[in-house]
Number of protein chains: 4
Amino acid sequence: MVNVAVVGYGYWGPNLVRNFLELDAARVTMCCDLSADRLAQVKRKHPSIAVTSDFDDVLASPDVDAVAVATPVGTHYDFARRALEHGKHVLVEKPLAASVAEAESLVEIAGKRELTLMVNHTFIYTGAVRKMKEIIDRGELGDLYYFDSVRINLGLIQRDVNVLWDLAPHDIAIMEHLVGERAVSVCATGASHFGTGLENVAYMTVFFDSGLIGHFHNNWLAPVKIRTTLVGGSKKMIVYDDMEVSEKVKVYDRGVDVETPEGVRQALIAYRLGDMWAPQLDTTEALRNMAAEFVECVQTGRRPRTDGESGLNVVRILEASEMSIKRRGREVKL
Amino acid sequence: MVNVAVVGYGYWGPNLVRNFLELDAARVTMCCDLSADRLAQVKRKHPSIAVTSDFDDVLASPDVDAVAVATPVGTHYDFARRALEHGKHVLVEKPLAASVAEAESLVEIAGKRELTLMVNHTFIYTGAVRKMKEIIDRGELGDLYYFDSVRINLGLIQRDVNVLWDLAPHDIAIMEHLVGERAVSVCATGASHFGTGLENVAYMTVFFDSGLIGHFHNNWLAPVKIRTTLVGGSKKMIVYDDMEVSEKVKVYDRGVDVETPEGVRQALIAYRLGDMWAPQLDTTEALRNMAAEFVECVQTGRRPRTDGESGLNVVRILEASEMSIKRRGREVKL
Amino acid sequence: MVNVAVVGYGYWGPNLVRNFLELDAARVTMCCDLSADRLAQVKRKHPSIAVTSDFDDVLASPDVDAVAVATPVGTHYDFARRALEHGKHVLVEKPLAASVAEAESLVEIAGKRELTLMVNHTFIYTGAVRKMKEIIDRGELGDLYYFDSVRINLGLIQRDVNVLWDLAPHDIAIMEHLVGERAVSVCATGASHFGTGLENVAYMTVFFDSGLIGHFHNNWLAPVKIRTTLVGGSKKMIVYDDMEVSEKVKVYDRGVDVETPEGVRQALIAYRLGDMWAPQLDTTEALRNMAAEFVECVQTGRRPRTDGESGLNVVRILEASEMSIKRRGREVKL
Amino acid sequence: MVNVAVVGYGYWGPNLVRNFLELDAARVTMCCDLSADRLAQVKRKHPSIAVTSDFDDVLASPDVDAVAVATPVGTHYDFARRALEHGKHVLVEKPLAASVAEAESLVEIAGKRELTLMVNHTFIYTGAVRKMKEIIDRGELGDLYYFDSVRINLGLIQRDVNVLWDLAPHDIAIMEHLVGERAVSVCATGASHFGTGLENVAYMTVFFDSGLIGHFHNNWLAPVKIRTTLVGGSKKMIVYDDMEVSEKVKVYDRGVDVETPEGVRQALIAYRLGDMWAPQLDTTEALRNMAAEFVECVQTGRRPRTDGESGLNVVRILEASEMSIKRRGREVKL
């Protein structure tokens, strides 16, 4: 049995509590938030959970094996570091931390102390991404050419981070998880329209040594909600549309045939059309799978699929994108 | 009556011939192509049109008032220049020319000789773009924040130009036409996967002084055909989906309310949801409207909506994008 | 404060409990079900709710002002009748009862005793149907020509009722609510494929004196989920697609112009195309609105929008459809 | 070489001319229409085609082997009969004739004289229907349960036939072609709103002995264009959406599992979810394939896929539907 404390009971906290409660192997023993109102809510819904507004109570409690941090990004590092230092396993909401230095520090501490450090890149645990991973790992797509992601909607203009820090972590994590190759540099551009100095629309290109190119489009001011990812390979291509109710993943038997017949100077390039296939997807709630992964990793010492390293990679790309935006699109090496 | 010669009878030529033939004020008097087969086709379908494989015949003919150039991009300049120098009005397929220098030269010659120089940015003549122009010109969108365009499909990998030169001219022209402001710089990235040195997937950001940001995504290797443009303003937003059969233009009464109440340090930003409205669009074939515009401008001396200047602006952005791609995303001033 | 007992804690019961609990004016005081497991669930989630497997406890309790019946259709009548006879207000899941005789009896008893009798035709309380009602009541559609509804999916093959009794009540209730006219006769056809004698696919036409025609298509064996209703009028037409995320209701300024110029024998009929408009919809959960309506009607004595009469009308059409199916489509008068 | 005369140069005639002209094995030698304007059009576009307003010229011409009839339904019989009696092969626009008696007579005459009689049920020659035929003939769908077709749009209110005669022939022909079983009876309902006595919205159910049920929904007053057919079987199901640009046919590995374990009285019925598959379709123009089929059948004496018999079957169902509508849905045996 893993005893979990949830820190931060705002938007994500209640979902974490609910999902940990539904696991046989976990118990939510404590909940920490600065708001007395929110703690009263916890008490009403879950009388058995201890509540506190003092994080030291969490650190001191022998009833807490693991801490789930669901607070604003700027505070992730502090809460996570202190929890690790007190020997607690840690789950952090995405992104792992507000800078590469912070993220590296967390990875290092967790490594030294042999504690589980995991970041909640929820999408990695969806049926859709798991199916795509299977398909790509089987080599069905051939060589990967591009990973293109659009995540836009009319959304809350955040006051502490720009739109890439808010929305791109999901898709960067998906890309990192799927392509099996580490990005080498980043170019990004964006615009800020409300005098906040934080971009509300932004675009980022990510380069890989293999020739693969990644691209991310994030926007808080789009009139429609779009969540579409294209993954193009030499043999097949995937369209992943998270707004689709049932057929979220479509695999197209389409691609390019490149031939270099003898005696011909230039390669012959032709495109190829074929069937489309939409695999049936597991519909278990991703957050449930994520919570189960965390608990299992705490219990067995196994590395989580979204471990500190993967969280750090995402933060590396985010930090580089911010630097590139300031330099008006100039490439930033990772 | 305007007598038109069509030069190049490949993909676009037959469409030009057909549309000029349907106008009362125009006649197609000559067709020029290097291929004897194609000329035979012309003869079979349109016995009254003179055919030739020698462009000098076109230049020399007193039966030719205007020349429509539908040849590969690299040859636009030569054909157009010579036609202008022989006193012929000129319509050129998009993009106007292969470089800014060439495009500038054409604009200059046409200006001096007071001849009509027009580029076939067909989309400007669609019911959809004309309606969007109306809406934006009425100020319904408020301040413009972004113009985002995706034009991707599984398409012919061109051998002479990259994917931006092939697909982006449509959308750059639409942006230039709609926003009423000149772009100031360009960042672009892309990837080439077949050893041709020409990008088959590319992304371009265009900056404006007002804070407006433009973005273009073009890809020859997408498994699905997407033709979607978003235009976001402070008051309303437009989604223009050219793949929709009937409701291509949707206007969303959605936006952002920014308030700065007295005594408050930070502006209050909130988004606003409202109705959506899809105006009925004129469905006349765009190419027909374009042909009519050309003929009318030749007859009256009026400037065409897609004149040489607008063609030059598009080429400026394309040339800058190519330079930026080579410099891995670095900003190029226009 | 209205004290509610929920009878039946299967699929709908928990939703009713949750929604009544969220109202300030209501309390859920008791829950009745035959399954000890389900009652244990209630106890765990809501320790303050009394549980029982004996309906007599509900009837006898002074802490129960109103009974919400969420049991199989065949038992609605018995539970509802006994509750009314014990002076309790009653809310019944759709359809109100298993026969016209039963439904009439309930309406009569409730009338005599001046108790609230309401049926949970949930869709009447959605933002979509409320908006459609507004639009139609304003006369925007002109004369109504047809009401066409498709509600199909791959669903549980029920063992006690056919697909019309299962799925059509939603749409019949919507039609009754919107059109403001009573149906006069019914034709229905269907097929049963699994030896159960209960149709798993069925079609029903409903006639009105005004010339309006209604049609319902229900199917448990459809590979895709479709929930689409068309309402056609002389001036405008509505498409209501409940599977759309945000634009569920679209109003088309399309219709037919009928002119009878003097001296012309036949009317001139032409169709007319215009804009489309998708109004912003209230997104409050329909079940919450429904629960609030019930509680308010209990408190004030006002007639609910989905009162016993409207439940009876739906049952009349269902019963007639069953008879018509047995007679292979023959018209059955209402 | 088959010499074809096209009779009727209104909406369909020009398409027939164009498609026959594109075949190597056919020539269009004559065109007959009552309108001098239309004949002038033919002359302008196709100087080599003889034109006439007198059908006797067609019958008398030795340069006419076959006659394609593209006139109003009410005149099909006369033109086709006379052509057959003059030894000409005949292609007729759908529906074959205005009554069963007429259609039977044509089939009989063609049979006696061993002439090709074919009806232009164009959809049978589309890539979509041909692919569905393949899939169904392979038995992939298992037992067929239902065939449901919706063909609605805002369309011309015809003055000579009701909406079923206008729109349903397409879908009835598709059903007849796909299911390999003859319908036994028909129920239909509809409404006429403009005092013409001709239904502008109609619904038809078709029964088969096997338990298969067919249904057709046709409407001239729908604000949106829908062309969707569902075919449900015990093993798989098809959704055919003709408005889709590329994935018109989707095959769902979804169905129902019926088990009757020993000792259990009632069969256990459960539904089954699986992958979806959209086969690549041949995109050759259907009308071209149809024209080629006609010419080949004329040359070889082979029976066309859409021969007189299949045209007669469609007319049988149409005639029965008309009778059933008059009797308010009562079943009419075929």
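Preceding this section is the structure that the text describes.
Counting starts from 1 at the beginning of each chain's written sequence and moves along it residue by residue. Whichever chain is written first is A, and whichever ligand is written first is 1; the rest continue in order. With the structure being a predicted model, the display of local features is reserved for residues of pLDDT at least 70 and the display and counting of side-chain atom pairs for 80 or more, all residues being used for whole-chain, interface and lining totals. Hydrogens and water molecules were not included; the side-chain quantities draw on all heavy atoms of the structure.

Looking at this structure, how should I read the relation of the copies chain A and chain D?
Copy one and copy two of the chain differ by a rotation about a common axis and a shift along it. C-alpha atoms of residues with pLDDT of at least 70 in both copies form the basis for the least-squares superposition of the copies. Mapping chain A onto chain D is achieved by rotating through 180° and translating by 0.0 Å along the same axis, at an RMSD of 0.0 Å. Taken together, the rotation and translation describe the operation of a two-fold axis. If distances are taken from each C-alpha of chain A to the rotation axis, the shortest is found for W277(A), at 2.2 Å. Interface overlap between copies: 92% of the residues of chain A at the interface are likewise at the interface in chain D, consistent with a symmetric, same-surface contact. Contact between two residues is taken to exist if any of their heavy atoms lie within 4.5 Å; hydrogens are not considered.

Sorry, what's going on with the nonpolar core here?
One broad rule of soluble globular proteins: the nonpolar side chains tend to lie buried together. By nonpolar core we mean a set of buried residues, namely Ala, Val, Leu, Ile, Met, Phe, Trp, Tyr and Cys, connected to one another through side-chain atoms within 4.5 Å. The buried label applies to any residue whose accessible area, calculated with a 1.4 Å probe on protein chains only, is under 20% of its type's maximum; exposed applies above 50%, and partly exposed to all values in between. In terms of nonpolar packing, the biggest core is built from 247 residues, with F20(B), M204(B), I238(B), F20(C), M204(C) and I238(C) touching the most fellow members. When residues no more than four places from it in sequence are discounted, the contact partners of F20(C) are V4(C), A26(C), V28(C), A68(C), L91(C), A291(C), F294(C) and V295(C). Counting residues in hydrophobic clusters, the runner-up holds 246 residues, among them V4(D), A66(D), V298(D) and L312(D).

Before we go on, may I ask you to explain the relation of the copies chain A and chain B in this structure?
For the pair chain A and chain B, the superposition axis carries a translation of 0.0 Å, the fit reaches an RMSD of 0.0 Å, and the rotation angle comes to 180°. A share of 100% of interface residues in chain A that are also interface residues in chain B marks the association as one of identical surfaces.

Honestly, the interface of chain A and chain B in this entry has me stumped. Any pointers?
The parts lose accessible area when they come together, and the size of an interface is often stated as this lost area. With 49 residues of chain A at the interface, the matching set in chain B holds 49 residues. Overall, the association of chain A and chain B removes approximately 4400 Å² of surface from exposure, summing both partners, and the carbon and sulfur fraction of that is 68%. Buried area: the sum, over both parts, of the accessible surface (1.4 Å probe) that disappears when the two are put together. Together, L154(A), P223(A) and R328(A) form the three largest contributors to the area buried by chain A at its contact with chain B, with a combined 16%. Between Lys or Arg on one side and Asp or Glu on the other, a salt bridge is scored when a side-chain nitrogen of the former is within 4 Å of a carboxyl oxygen of the latter. Between E331(A) and R328(B) there is a salt bridge, and its shortest N-O distance comes to 2.9 Å. Counting only elements with at least two residues in the side of chain A that touches chain B, the list comes to β7 (144–154), β8 (185–191), β9 (201–207), β10 (213–219), β11 (221–233), β12 (237–241), β14 (255–259) and β15 (268–272) of chain A. Per the convention used, a helix needs a DSSP run of H or I reaching at least four residues, while a strand needs a run of E reaching at least two, with both numbered from the N terminus.

Looking at this structure, how should I read the sheet that holds strand β3 (residues 50–52) of chain A?
Backbone-to-backbone hydrogen bonds join strands into a sheet, with any given pair of strands oriented parallel or antiparallel. All names here are of chain A. Two strands make a pair as long as DSSP finds a minimum of two bridges between them. Across the sheet, which stays open at both edges, the 6 strands sit in the order β3-β2-β1-β4-β5-β6 with parallel pairing between neighbours. In this open sheet, the two edge strands, each paired with only one partner strand, are β3 and β6 (117–120). Here the strands of the sheet are splayed against their neighbours by 25° on average, with no regard to which way each runs. Two strands pair when backbone bridges link them, and strand β4 (residues 66–69) and strand β5 (residues 89–93) are joined in this way by 4 bridges, in the parallel orientation. Directly across from A66, in β5, lies its bridge partner H89. Angles shown run from 0 to 180 degrees and are taken between the N-to-C directions of axes, each axis being a line fitted to C-alpha atoms and, for helices, limited to the stretch in contact. Here helix α2 (residues 36–45) sits on the sheet in contact with β2 (26–32) and β3, set at roughly 180° to β3.

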